[in-house]
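If you want the building blocks of each chain, they are given just below.
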Amino acid sequence: MKITLNGFLLNRVADGDTTVGQVLAELKDEIRSAGKVVSGVALDGHPLPDGWQRRQRLSRSVQSCQQLDLLITEPAALRQQTIDHTVQMIGHMRTQTKPIARKFRIGDEFTANNELATFLDDLKLVMAGLDHVTRATKEASTGAARAALNTAVGELLPTLDRIYKAQAAGDYVTIADEFEYELPSFMAGWDRILEAMAADEAAGSVH
């Protein structure tokens, strides 16, 4: 199996009885030791998915694969990319809360439930992105942004609990209320997290 880093073909190849996952773990350790991080992985031209499909592909023998492509970057650059992407997602999600609430109120349940599922998936990505950035280093894990995120998670859980229970009960009025009134208020707290992240960066707490 051939290996590339940022599009450049390495002299080394992976062969023998090893799996793709074993090779990837070894490469990640080497890249981490060099002060960089892996920001993307593709196997035979296809990005590795999440979940069971990823595990299935990583368990394959290197002899059954043609090429493993890795993208690597500086940790600070990856943090900034994550922040930028998170800011974009937050902006988009803020435009979705009231339209989703309206669809539930007028009885457009099929569209509303599909948009609800997408919104909740995006919410998980946003929280994962904020989690990654605010724990990127030992110093960051004790910064103001981390404290703000921990507070936000505590505030979010009861809202999500009410949404999931209402969805299971077919109580679309409650879901609409949560999306129209509670979630926008909660999402305003993300600004405090982003501001704290900027303050941590400016103070040099994230290197």
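What counts, and where the lines are drawn
Residues numbered from 1 in each chain as written. Predicted model: local features only at pLDDT ≥ 70, side-chain atom pairs only at ≥ 80, totals over all residues. Heavy atoms only, no water. Helix = DSSP H or I, 4+ residues; strand = E, 2+ residues; numbered from the N terminus. Buried < 20%, exposed > 50% of the residue type's maximum accessible area, 1.4 Å probe, protein only. Contact = heavy atoms within 4.5 Å. Expected span 1.5 Å × (residues − 1). Bend = angle between axes of the 7 residues up to and from the residue. 1 Å grid on protein atoms, 1.4 Å probe; cavity = no way out; pocket = protein on both sides within 12 Å on 5 of 7 lines; lining within 4 Å. Points joined across faces, edges and corners; volume = space filled by probe spheres on them. Nonpolar A, V, L, I, M, F, W, Y, C, P; charged D, E, K, R; others polar.

*Asks:* Can you walk me through the environment of Lys2 in this structure?
*Replies:* Tracing the chain through its elements places Lys2 in strand S1 (residues 2-5). Overall, the relative accessible area of 44% leaves Lys2 in the partly exposed class. Considering only alpha carbons, one finds Lys2 and Asp69, 67 residues apart in sequence, at a separation of 8.4 Å. Apart from the residues within four sequence positions on either side, Lys2 is in contact with Leu9, Gln66, Gln67 and Leu68.

*Asks:* Hey, could you run me through helix H6 (residues 144-169) in this one?
*Replies:* Owing to its 3.6 residues per turn, the α-helix brings residues three or four apart onto one side. Taking 1.5 Å per residue, 26 residues should reach 38 Å; H6 reaches 38 Å between its end C-alpha atoms and fits that length. The largest bend in H6 is about 25°, located at Leu156, with the proline Pro158 one to four residues further on. Residues of H6 that are buried: Ala145, Arg146, Leu149, Ala152, Leu156, Thr159, Leu160, Ile163 and Ala166. One or two steps after H6, the chain reaches Gly170, where phi turns positive at roughly 70°.

*Asks:* Just to check I follow, could you spell out helix H5 (residues 109-134) for this structure?
*Replies:* Taking 1.5 Å per residue as the helical rise, H5 with its 26 residues ought to reach 38 Å, and the 37 Å between its terminal C-alpha atoms agrees with that figure. Residues of H5 that are buried: Ala112, Leu116, Phe119, Leu120, Asp122, Leu123, Val126, Met127, Gly129, Leu130, Val133 and Thr134.

*Asks:* How do you make sense of the layout of surface pockets when you look at a structure like this?
*Replies:* In this approach, a probe sized like a water molecule rolls over the atoms, and the result shows the empty space that is left. Put simply, the largest pocket is a space of about 320 Å³. As for the largest pocket, its lining consists of Lys28, Val37, Val38, Ser39, Gly40, Val41, Leu48, Asp50, Arg54, Leu78, Thr82 and His132. Looking at the lining of the largest pocket, the elements that each hand over two or more residues are strand S3 (37-43) and helix H3 (75-94). A class-by-class count of the residues in the lining of the largest pocket yields 5 nonpolar, 4 polar and 3 charged. If you add up the space inside the second largest pocket, you get close to 200 Å³. In this structure, the second largest pocket is lined by Leu78, Gln81, Thr82, His85, Thr86, Met89, Leu125, Ala128, Gly129 and His132. Listing elements by their share of the lining of the second largest pocket, those giving two or more residues are H3 and H5. Its residues assigned to classes, the lining of the second largest pocket shows 4 nonpolar, 6 polar and no charged.

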